[in-house]
Amino acid sequence: MRHLLGIEGLNPVAVTAMLDLAENYVLLNRSGKTQRDLLRGRTLINLFFEDSTRTRTSFELAGKRLGADVINMSVSTSSVSKGETLLDTAATLNAMNCDLLVVRHNQSGAPALLAQKVEAAVINAGDGMHEHPTQALLDALTIRRRKGRIDGLTIAICGDIAHSRVARSNLLLLSMLGNQVRVVGPPTLIPAEIASLGVQVYHDMEAGLAGADIVMALRLQKERMNKGLVPSAREFFAFYGVSAEKLAFAKPDALVMHPGPMNRGVEIDSAVADDSVRSVIKEQVEMGVAVRMAVLDTLARGPIWNG
Amino acid sequence: MADTLFRKVSLSMPEGLVAGELLVQDGKIVDFGAGLGVPEGAAIIEAEGAILAPGLVDIRASLGEPGYEYRETFASAARAAAAGGITSIAVLPDSNPAIDNPALVRLITSRGEETGSVSLIPYAAATRGCQGEELAEYGLLKRAGAVGFSDGTKAIGSARLMRRALSYASGFGMRIVQHPEDTELSAGGAATEGARATLMGLPGIPAAAEAIMVARDIRLAELTGGAVHFAHVSTGEACTLIRRAKDRGLKVTCDTAPPYFDLNETAIGDFRTYAKFSPPLRVEADRLAILAALADGTIDAIASDHQPRDADDKRLPFAEAAPGGAGLATLLAVTLAQVHAGALTMAQVLALLTAGPAAFLGIEAGRLAKGAPADLCLFDPHRAWLVEAGKLPGKAQNTPFDGRPLEGKVIGTWKTGRRFFG
């Protein structure tokens, strides 16, 4: 594999190898040592068509820890409206001899389109409602470290599944590794025929969280209320917000995750988010850097993923 | 013009294929049958195994002109049509400007005459500028030569406006051609709602958006006594509704196009924008239902649904890319694939591409008849060829069938006795 465009198309062997490599980077990062020679002389460009602090910074740090020259390009929608197309941008990047291209875009499939035209290895850092593969990998690593395994678990993904690339990548990855994935949310936020992807669908948190090892909350954007998909934030919180009361339906040792940034009091209660025993939200951020180092390392070394 | 005698061909007659000969003089079919004499100086065309059919009649296409000449022009479309055996095209009015006044209607007709090789039959706008607000001047547009009223690939969304359009058009004995898609349910959508759109993270359009509009407009046709034609029908549910309406004697007709019976939604895998259509490609069960509706006569014609697009329209993220495919050059061969597969008979296919659409448009075409203009399509149903985007005749190269081997090729196309292809 030359690119990492999504979890779809990966296999468990490749994923496990990637998680193992990331695990090494966690230890290395914690020891304070760096690997500044690994990607020396390579150029990594963070090409973000959509605002992001967390993911961009995480990739930036990952690249720098491996010694790459990291450049951040934030392409505002205004320059797109000036007529520069995605493929014009691709031509520019080719001229810059970019080796690794990290792309975030608000349109599903945009990184796949770029990947056809650029010489660099493309890493999808989130495209529209499609995929966010490094988020799923870092979530899997977080779960594996905390639970000691990444199979046979029951994982409930809650909230706005329909518009979430995090949900899609996670359900593909976690199902592939042999976990039971549930999606829980109001019917207006559950995408059509998602059960065909091998997940169980719940519209009730009590049933959806019963016996869950992992409870994953997703960000609910305000525009969903404006479009009438849910009547109000308070109603959403009352029925689907992850609170201590609802978390009690899950296993006693269930962990709470959130890809960030959080809307406290909408999809997650502050008391749960800040619970140092149950919440692994900060650890997810730490794992993010390690996973992205593993991804950059793997893609920069060449197409060894597909064996 | 020299006479032409076709020999050793199968003639496509209303009763089926008949081995025989056909003689063309002065641009007209003068005789057919067996053992015709050879007039002095006549060109003789022998093509054993080939079928001589009436020139194909395309019930619905967009040709780019006026306004989108970078995609296609009348001249380039005429070349594509000739290569596809098409000699008459009914042209959609949603160009820029829209065909919403009599002078523009006449322009379409006369630009067709200029090509010499293809008759262009104008639809006129159902509403001014195809904007979906005020009715266009149906009476004057009909007098100028319009054969029906449509807002092209835009649905007439307002039930009140559609009611008036059907009602007013009925006074002139004219029909409304509807793009059957509920405008609110389809707004912003890029693919058929379901497992595939969910996996790809694409905004979905439920298949029900088509059935809802078809059901509404059938009821409005009944209410007004008007005639409605549904363009590019793509779902089994819509076919069921139309079949029932026809059984009840309502003035309801419909067409479909090759993508809807040849492809299903899996063609958009890997975000292939060349397989993006409006309405979107459907699930396999719908594709099979369209074939069944073609076989049982529910669908009146197969249109090319030619929608020329250039690379800049298509090389975009999927939801932003323009829908539509080039369809003129591949219309016959892609349809013949269903004959070879046993889903449709040769007689059914030829009727759906010639006599059916000609009767719908009320034009003198689509039949091999003595005295009729010699618009002819000679094709070898078994000659193989490969569809290659970039090498198709005409300007538009946005075929969804790129790389597809097909069986059945046009050998020659004649318009009023003159050969324009082959």
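Residues numbered from 1 in each chain as written. Chains lettered and ligands numbered in written order. Predicted model: local features only at pLDDT ≥ 70, side-chain atom pairs only at ≥ 80, totals over all residues. Heavy atoms only, no water.

Engineer: Help me understand the overall build of chain A, please; the structure alone is not making it clear to me.
Structural biologist: Broken down by element type, chain A carries 13 helices and 9 strands. Against the globule reference of 19 Å for 307 residues, chain A gives a C-alpha radius of gyration of 19 Å, in line with a compact fold. Each principal axis of the C-alpha atoms in chain A carries an extent, and together these give about 55 × 45 × 35 Å. Counting only residues that meet the buried cut, chain A has 57% of its 307 residues in that class. The contacts in chain A between residues at least 6 apart in sequence include a share of 75% that link residues at least 24 apart. Of the roughly 12400 Å² of accessible surface on chain A, 51% is carried by carbon and sulfur atoms. (Helix = DSSP H or I, 4+ residues; strand = E, 2+ residues; numbered from the N terminus. Rg over C-alpha atoms; globule rule 2.2 N^0.38 Å. Buried < 20%, exposed > 50% of the residue type's maximum accessible area, 1.4 Å probe, protein only. Contact = heavy atoms within 4.5 Å. Areas by Shrake-Rupley, 256 points an atom, 1.4 Å probe, with all protein chains shown as cover.)

Engineer: Could you clarify how one ought to interpret the packing of helix α1 (residues 12-31) of chain A against helix α13 (residues 281-301) of chain A in this entry?
Structural biologist: In helix packing, the relevant descriptors are the interaxial angle and the interaxial distance, both defined with respect to the helix axes. Residue and element names in this part refer to chain A. Axis separation between α1 and α13 bottoms out at 8 Å; the angle between their running directions is 120 degrees. Considering their axes alone, α1 and α13 lie oblique with respect to each other. Like other packed secondary-structure pairs, α1 and α13 cross with a definite hand, here right-handed. Facing M18, L21, A22, Y25, V26, N29 and R30 of α1, the residues of α13 in contact are E286, M287, V289, A290, V291, M293, A294, V295, D297 and T298. Along the lines of polarity and charge, the residues of the contact of α1 with α13 split into 12 nonpolar, 2 polar and 3 charged. (Axes fitted to C-alpha atoms, helices over the stretch in contact; angles between N-to-C directions. Parallel < 35°, antiparallel > 145°, perpendicular 65-115°, else oblique. Left-handed = near helix turned anticlockwise from the far one by under 90°. Nonpolar A, V, L, I, M, F, W, Y, C, P; charged D, E, K, R; others polar.)

Engineer: Would you take a moment to explain the side chain of E267 of chain A for this structure?
Structural biologist: All names here are of chain A. As for its position among the elements, E267 is in the loop between β9 (255-257) and α12 (270-273). The side chain of E267 is buried and forms no salt bridge, while R219, the nearest opposite charge, is found at 5.3 Å. Engagement of the side chain of E267 in a polar contact is seen with the backbone nitrogen of L220, the distance being 3.3 Å. Filtering out sequence-adjacent residues up to four positions away, E267 remains in contact with A217, L218, R219, L220, F236, Y240, G241, V242, H258, P261 and M262. (Lys, Arg positive; Asp, Glu negative; His and termini not counted. Salt bridge = Lys/Arg side-chain N within 4 Å of Asp/Glu carboxyl O. Polar contact = N/O pair within 3.5 Å; in protein donor to acceptor, adjacent residues only side chain to side chain.)

Engineer: Would you take a moment to explain the interface of chain A and chain B for this structure?
Structural biologist: Buried accessible area, meaning the area lost when the parts come together, often serves as the stated size of an interface. Counting residues at the interface gives 22 residues for chain A, matched by 16 residues for chain B. Taking both sides of the interface into account, the surface hidden between chain A and chain B amounts to around 1500 Å²; carbon and sulfur atoms contribute 64%. Together, Q107, S108 and A192 of chain A form the three largest contributors to the area buried by chain A at its contact with chain B, with a combined 27%. For the side of chain A that touches chain B, the secondary structure elements donating two or more residues are α4 (86-95), α5 (110-117) and α7 (165-176) of chain A. (Buried area = accessible area lost by both parts, 1.4 Å probe.)

Engineer: What is the right way to read the sheet that holds strand β7 (residues 86-91) of chain B from this model?
Structural biologist: Residues and elements named next belong to chain B. Here we have 3 strands laid out as an open sheet, ordered β6-β7-β8, and parallel in their pairing. Strand pairing shows two members of the sheet lacking a second neighbour, β6 (56-61) and β8 (119-122), which therefore form its edges. Ignoring strand direction, the axes of neighbouring strands in this sheet form an average angle of 20 degrees. As judged from the 4 bridges shared by β7 and β8, these two strands associate in the parallel manner. Bridging across to β8, I89 finds its partner in L120. (Pairing = 2+ DSSP bridges.)

Engineer: Looking at this structure, how should I read the packing of aromatic side chains?
Structural biologist: Remark: the centre distance and the inter-plane angle together describe each pair of aromatic rings, the angle taken between the planes. All names here are of chain B. Overall, the coordinates contain 6 aromatic pairs over all chains when judged by the stated rule. Each ring, one from Y138 and one from F149, has its centre 4.0 Å from the other, and the planes form 10 degrees; the classification is stacked. With a gap of 11 residues between them, Y138 in helix α3 (residues 138-143) and F149 in strand β10 (residues 149-150) connect regions that are remote in the sequence. Considered together, Y138 and F149 belong to a single accessibility category, that of buried residues. Ring geometry for Y260 versus F277: centroids 6.2 Å apart, planes at 65 degrees, classification edge-to-face. (Phe/Tyr/Trp six-rings, centres within 6.5 Å; stacked < 30°, edge-to-face > 60°.)

Engineer: Explain the nonpolar core here, please?
Structural biologist: Soluble globular proteins tend to pack their nonpolar side chains together in the buried interior. Residues and elements named next belong to chain B. Formed by 70 residues in total, the largest nonpolar core has its most connected members in I89, F149, I176, F230, L294 and F379. Taken domain by domain, this core gets at least three of its residues from each of domain 1 (4-51 + 373-421) and domain 2 (56-361). Leave out the neighbours within four places in its chain, and F379 touches A50, I51, A53, L332, L336, M346, L350, K409, V410 and I411. (Core = buried A, V, L, I, M, F, W, Y, C linked by side-chain atoms within 4.5 Å. Domains from an automatic or database assignment.)

Engineer: Would you mind going over the state of the cysteines with me for this structure?
Structural biologist: Between two cysteines, a covalent bond joining their sulfur atoms is known as a disulfide. Inspection of every chain in the model, using the stated rule, returns 0 disulfides over all chains. Considering cysteine sulfurs only, C254 of chain B is the nearest to C239 of chain B, which forms no disulfide, with 6.0 Å between them. (Disulfide = S-S within 2.5 Å.)

Engineer: Hey, could you run me through α7 of chain A in this one?
Structural biologist: An α-helix turns once every 3.6 residues. As a result, residues three or four positions apart point the same way. All names here are of chain A. Over its 12 residues, α7 extends 17 Å from the first C-alpha to the last, a length consistent with the 16 Å expected when each residue adds 1.5 Å. Counting buried positions along α7 gives 10 out of 12 residues, so the element sits mostly inside the fold. Where α7 is concerned, the buried positions are R165, V166, A167, R168, S169, N170, L171, L172, L173 and L174. At the N-terminal boundary of α7, the capping side chain belongs to S164, with an oxygen 3.2 Å from the backbone nitrogen of V166. Downstream of α7 by a residue or two, G178 has a phi angle that is positive, lying close to 95 degrees. (Expected span 1.5 Å × (residues − 1).)

Engineer: Which parts of the structure should I look at to understand the pattern of salt bridges?
Structural biologist: Opposite charge on two side chains permits them to pair, given that their charged atoms come into close proximity. Residues and elements named next belong to chain B. According to the stated counting rule, one finds 31 salt bridges over all chains in the structure shown. The partner of E46 in a salt bridge is K8, and the shortest N-O contact between them spans 3.9 Å. With E46 in strand β4 (residues 43-46) and K8 in strand β1 (residues 4-13), this pair connects stretches of sequence that are 38 residues apart. Relative accessible area serves as the criterion here: at 41%, E46 is assigned to the partly exposed category. For R60, the salt bridge goes to D305, with nearest N and O atoms at 3.0 Å.

Engineer: I'm lost on the packing of helix α12 (residues 331-340) of chain B against helix α13 (residues 346-353) of chain B in this one. Help?
Structural biologist: Residues and elements named next belong to chain B. Taken N-terminus to C-terminus, the directions of α12 and α13 make an angle of 150 degrees; their axes are 9 Å apart at the nearest point. The pairing of α12 with α13 is recorded here as roughly antiparallel in orientation. Pair α12 / α13 crosses with right-handed handedness. Every residue of α13 that contacts α12 at L331, L332, T335, L336 and V339 is listed here: M346, V349 and L353. Looking at the contact of α12 with α13 residue by residue, the classes come out as 7 nonpolar, 1 polar and no charged.

Engineer: Would you mind showing me how to read the domain arrangement of chain B here?
Structural biologist: Residue and element names in this part refer to chain B. We note that the domain assignment places domain 1 (4-51 + 373-421) and domain 2 (56-361) within chain B. Each of domain 1 and domain 2 was reduced to a C-alpha centroid, and the two centroids are 26 Å apart. With 30 residues of domain 1 at the contact, the number on the domain 2 side is 46 residues. Between domain 1 and domain 2, a total of about 2800 Å² is buried, with carbon and sulfur atoms accounting for 68% of that surface. Linking domain 1 with domain 2 are 1 salt bridge, by the criterion used here. Note that D262 is salt-bridged to R404, the shortest N-O span being 2.7 Å. In this assembly, domain 1 and domain 2 are joined by 14 residue pairs in polar contact (both at pLDDT 80 or more). Considering every element that reaches the side of domain 1 that touches domain 2, the biggest residue donor is strand β18 (residues 405-415), with 7 residues. Its residues placed into classes, the side of domain 1 that touches domain 2 shows 17 nonpolar, 8 polar and 5 charged.

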